Amino acid sequence: NVSPRKPRNELLLKALVIGDYGVGKTAIVRRYTEGKFSSNYKITIGADFAFKSIDWDHQTKVNLQLWDIAGHERFGYMTRVYYKQAAAAALVFDVNRVDTFKSLKKWLLDLREKVQQPDGSNIPVILLANKSDIQQAAVTTDQIVKFCKENEIDQYFLCSAKENTNIEEALHFMVAEVLNSK
Ligand code: GTP
Ligand code: MG
């Protein structure tokens, strides 16, 4: 079968992964891009990058560029540089650590202050409640739903990088939101 190849749309999409240190940002990115998980904690310094090519549909290929920002960067002057031209963000917290949930607001304010779409509107943000495999959830679903409503977050996902729960689904949703808004 040698039918000529259809012309393809190829999109480059930059997305940020942000949230407190140790919540599992690097683990999520690694799970999604490499299909691997390690229980060793190796702190991210500055930012890491990962790529994934997605055959979105017959005409569209998405080259997703994930910027995995160090949790320790929240008050760092570098975030403005890292956030530049991001099309979407995944905001991550550890569902077993209340302090990481409380920090979300600051991450979000920092993000929205520093990055907007060309028309001035906010970029799409999804919320990832990670480490759902640990059975001590300190943050309730009600609290998460309320936070999303109050902060115009489109969707939250209870997920686990360790057990590969909801990671693919969440990032797929994030990409779909960007494509639908184009
Ligand atoms: P910084 O780079 O410091 O900002 O942290 P991070 O958000 O990138 O955290 P990282 O992905 O390095 O994960 C921190 C620790 O949590 C590591 O020991 C991971 O193995 C562990 N971890 C990450 N995701 C999960 C998960 O879904 N479940 C469990 N049980 N542990 C996880
Ligand atoms: Mg990291």
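Here the structure is a predicted model, which means the values were calculated and not measured.

The subject of this paragraph is the side chain of glutamate 177. By the secondary structure assignment, glutamate 177 is in helix H6 (residues 167-180). For the buried residue glutamate 177, which engages in no salt bridge, the nearest side chain bearing the opposite charge is arginine 112, 8.9 Å off. Not counting residues within four places of it along the chain, the set of residues in contact with glutamate 177 comprises Pro124, Val125, Ile126 and Asp154.

Below, the discussion takes up the coordination of the magnesium ion (ligand 2). Thr26 (OG1) and Thr44 (OG1) make up the full set of protein donors to the magnesium ion (ligand 2), lying at 2.0 Å. On the criterion of sequence distance, the pair formed by threonine 26 in helix H1 (residues 25-34) and threonine 44 in the loop between H1 and strand S2 (47-55) is long-range, its members being 18 residues apart. Residue threonine 44 is classed as buried on the basis of its relative accessible area, which comes to 11%.

Relative to the helices and strands, lysine 61 is located in strand S3 (residues 60-69). Its relative accessible area of 22% is what places lysine 61 among the partly exposed residues. Residues lysine 61 and asparagine 9 lie 52 residues apart in sequence; the distance between their C-alpha atoms is 6.1 Å. Excluding residues within four positions of it along the chain, lysine 61 makes contact with Arg8, Asn9, Glu10, Leu11, Ser53, Ile54, Asp55 and Trp56.

Per-residue confidence for the protein gives a mean pLDDT of 93, with 95% of residues at or over 70. Across the whole predicted complex the pTM is 0.95, and at the interface the ipTM reaches 0.99.

So, on to unusual backbone geometry. Of note, asparagine 164 is a non-glycine position whose phi angle comes to about 55°, a positive value. By secondary structure assignment, the location of asparagine 164 is in the loop between strand S6 (155-158) and H6. The class for asparagine 164 is partly exposed, based on a relative accessible area of 44%.

A word on the side chain of lysine 25. Considering the arrangement of structural elements, one finds lysine 25 in helix H1. It turns out lysine 25 is buried and unbridged, and the closest side chain with the opposite charge, aspartate 68, is 5.5 Å from it. Separated by 2.7 Å, the side chain of lysine 25 and the backbone oxygen of aspartate 20 make a polar contact. Once residues within four sequence positions are removed from consideration, lysine 25 is found in contact with Val17, Ile18, Gly19, Asp20, Asp68, Ile69, Ala70, Gly71 and Val92.

With that settled, the discussion passes to the site of ligand 1. Neighbouring ligand 1 are 24 residues, the closest being Lys25, Ser38, Tyr41, Gly71 and Asp133. With respect to ligand 1, the backbone of glycine 24 contributes an N or O atom lying 3.0 Å from an oxygen atom. Alanine 161 places a main-chain nitrogen or oxygen 2.9 Å from an oxygen atom of ligand 1. Contact with the protein chains hides 92% of the accessible area of ligand 1, taken as 650 Å² for the molecule alone.

So, how was this worked out
- Residues numbered from 1 in each chain as written.
- Chains lettered and ligands numbered in written order.
- Predicted model: local features only at pLDDT ≥ 70, side-chain atom pairs only at ≥ 80, totals over all residues.
- Heavy atoms only, no water.
- Helix = DSSP H or I, 4+ residues; strand = E, 2+ residues; numbered from the N terminus.
- Buried < 20%, exposed > 50% of the residue type's maximum accessible area, 1.4 Å probe, protein only.
- Lys, Arg positive; Asp, Glu negative; His and termini not counted.
- Salt bridge = Lys/Arg side-chain N within 4 Å of Asp/Glu carboxyl O.
- Contact = heavy atoms within 4.5 Å.
- Donors = N, O, S within 2.8 Å, 3.2 Å for Na, K, Ca; no water.
- pLDDT = per-residue confidence, 0-100.
- Polar contact = N/O pair within 3.5 Å; in protein donor to acceptor, adjacent residues only side chain to side chain.
- Near = heavy atom within 4 Å.
- Areas by Shrake-Rupley, 256 points an atom, 1.4 Å probe, with all protein chains shown as cover.

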